[in-house]
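Now for the letters of each chain:
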Amino acid sequence: MARTSGELSIHDITAAATAVEIPLSDFPLSERSIVDQKSVSEHAPTQVTAQADDFPEGGYGWVIVAACSAISFFFGGLTYSWGIVQARLTSSHLGSDSQLSFIGSTAIAFISVGALINVRLIRWLGTRNAALLGCFFLGLGPLLNGFATKSYGGLFMTNGVVLGYGTSLSFMACSSLPSQYFKRRRGLANGLVFAGNGLGGGVISIALNSLIDRVGISWAFRILGFATLAVTMPAALFLKERTRRSPVTLEWGLFRDPKFILLFFGSGIATFPLLVPPFFIPLYANSVGASASLASGLLAVFNLSSACGRVGFGLLGDAVGPISSLVLALTINALSMLILWPVSTSVAPLVVFIVINGFGSGGFFSLIPSVVGSVYGNTRTANALAMTVSGWAFGYFFGSPVAGWLLQAYGGSSAGRAAFRPAIYYAGSLSVASAGLIGGMRMLSARKLFAYA
């Protein structure tokens, strides 16, 4: 039927409403359902895409960064200060170096073991509720540790499993959320989040050693547990998603991508040596004549240098590309372990090694989310990151225990510096292998040496 110049069609009404955002309730009831159906079918995909691709690059995103960094402070600090506990428990003969390091590595390995399950849980509960649950277990672990310091099996359950699960869920809740708010400054945002991890390792290492001297190891654990709950639970309340996370599945098609294969195996191999320095620095420091308090200070220096590396490599990733920066971080790790650590015969050269290795180690953790986000985009980041992190399980579980077994085979930590060398060369050679694999990924992403990648 022909219409006069004064009449409007439903299509005209729909277009006008979409353009000026007139509320649907302003239309007559007889036309409202038609407008609603057409506006959803014709215009919603464009609006959803616009929201997904529009990054604030600040605003509430900085609140997210601050809250995630506060949570990261504790899950990083509680796990990376294990070297202090290990040195104390070794002297009390609770277990061998390899057995005790297995407790510490189990806690961190839960990040990988629970990755895919936790991403599904986060989608079901929402990031805020999942983070609250993770932070609860994060604080509960140290509280229960206080009752298990005389039992290896009990400490394995409370620190390895309970704290480990809290670490895993908190890590997954915080690791990909900043990517919803930042794209151009994603490296900086991730660097600041994971700098909290290194800073926590430094501060808690010193605090834990001091608390053990003053109130004993049981109450030191309990105090840390209460402090963790008091800070992380309120911080988790500030977490808010901009877009609903996409359903997480095992996307086996990623293994048809050579870049993902190199990332999966390269980052997986990198996790074998990453925990060797922080877990064994206190023991090695004792072998060169350092006191227990100085040894805890050296571990704090490692963690603080790691915090600087997370921010520094995050900025570098924004400037030259996250994959290129990751290759550099892994190369620094490898060279410092193969060249500097074996000749650290006193505290002074050991400090040089600790600062350089800590800086490179920190770069690995802050760059991985940026690498995944830059290659696979915002919509596939959760899937690709969860699958990548799942590949770290063997490295986290067995990396430092293998070093402990090598140390034990050559006489243990009481046998002097020479006993550490096989473990050092084992860690350094694996770092070389990981740097080579990520370097191959870099070449597939950009052939030119100085191209952004």
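See the structure above.
Quantities reported herein were computed from a predicted structural model and do not represent experimental measurements.

(A) How the structure looks around the nonpolar core. Counting residues in hydrophobic clusters, the biggest one holds 113 residues, and the most contacted among them are Leu 350 and Phe 364. Ranked by the residues each element gives to this core, the list is headed by helix α15 (residues 347-390), at 16 residues. Not counting chain neighbours up to four residues away, the residues in contact with Phe 364 comprise Ser 267, Ala 270, Thr 271, Leu 274, Leu 326, Ala 329, Leu 330 and Trp 392.

(B) Representation of the environment of Ile 122 in the model. With respect to the secondary-structure elements, Ile 122 resides in helix α6 (residues 115-125). Considering only alpha carbons, one finds Ile 122 and Ala 173, 51 residues apart in sequence, at a separation of 6.9 Å.

(C) A look at the pattern of salt bridges. In this structure the tally under the stated criterion is 1 salt bridge. Between Arg 88 and Asp 213 there is a salt bridge whose closest N-O contact spans 2.9 Å. Taken together, the residues span a long stretch of sequence, with Arg 88 in helix α4 (residues 82-91) and Asp 213 in helix α9 (residues 186-215) at a distance of 125 residues. The exposure class assigned to Arg 88 is partly exposed, which follows from its relative accessible area of 22%. Asp 213 gets classed as exposed once you look at its relative accessible area, which sits at 52%.

(D) Quick look at α9. For α9, built from 30 residues, the straight-helix expectation of 44 Å at 1.5 Å per residue is met to within 8% by its first-to-last C-alpha distance of 42 Å. With 21 of 30 residues buried, α9 is to be regarded as a mostly interior element. Phi turns positive one or two residues past the end of α9, at Gly 216, with a value near 90°.

(E) Expanded view of the environment of Met 233. Among the secondary structure elements, Met 233 is positioned in helix α10 (residues 217-236). Met 233 gets classed as partly exposed once you look at its relative accessible area, which sits at 26%. Excluding residues within four positions of it along the chain, Met 233 makes contact with Leu 132, Cys 135, Phe 136 and Thr 228.

(F) Focus on the packing of helix α3 (residues 60-80) against α9. Orientation of α3 relative to α9, taken along the N-to-C sense of each, is 35°, at an axis distance of 6 Å. Relative to α9, α3 is oriented so that their crossing is right-handed. Classifying every residue of the contact of α3 with α9 by side-chain character gives 16 nonpolar, 9 polar and no charged.

(G) Molecular detail of the packing of α4 against α9. At a minimum axis distance of 9 Å, the contact between α4 and α9 shows a crossing angle of 30°. Of the possible angle classes, the one that applies to α4 and α9 is roughly parallel. Residue-level inspection shows Ile 84, Val 85 and Arg 88 of α4 in contact with α9, the latter providing Ser 205, Leu 208, Asn 209, Ile 212 and Asp 213. Taken together, the residues of the contact of α4 with α9 break down into 4 nonpolar, 2 polar and 2 charged.

Calculation notes
Residues numbered from 1 in each chain as written. Predicted model: local features only at pLDDT ≥ 70, side-chain atom pairs only at ≥ 80, totals over all residues. Heavy atoms only, no water. Core = buried A, V, L, I, M, F, W, Y, C linked by side-chain atoms within 4.5 Å. Buried < 20%, exposed > 50% of the residue type's maximum accessible area, 1.4 Å probe, protein only. Helix = DSSP H or I, 4+ residues; strand = E, 2+ residues; numbered from the N terminus. Contact = heavy atoms within 4.5 Å. Salt bridge = Lys/Arg side-chain N within 4 Å of Asp/Glu carboxyl O. Expected span 1.5 Å × (residues − 1). Axes fitted to C-alpha atoms, helices over the stretch in contact; angles between N-to-C directions. Left-handed = near helix turned anticlockwise from the far one by under 90°. Nonpolar A, V, L, I, M, F, W, Y, C, P; charged D, E, K, R; others polar. Parallel < 35°, antiparallel > 145°, perpendicular 65-115°, else oblique.

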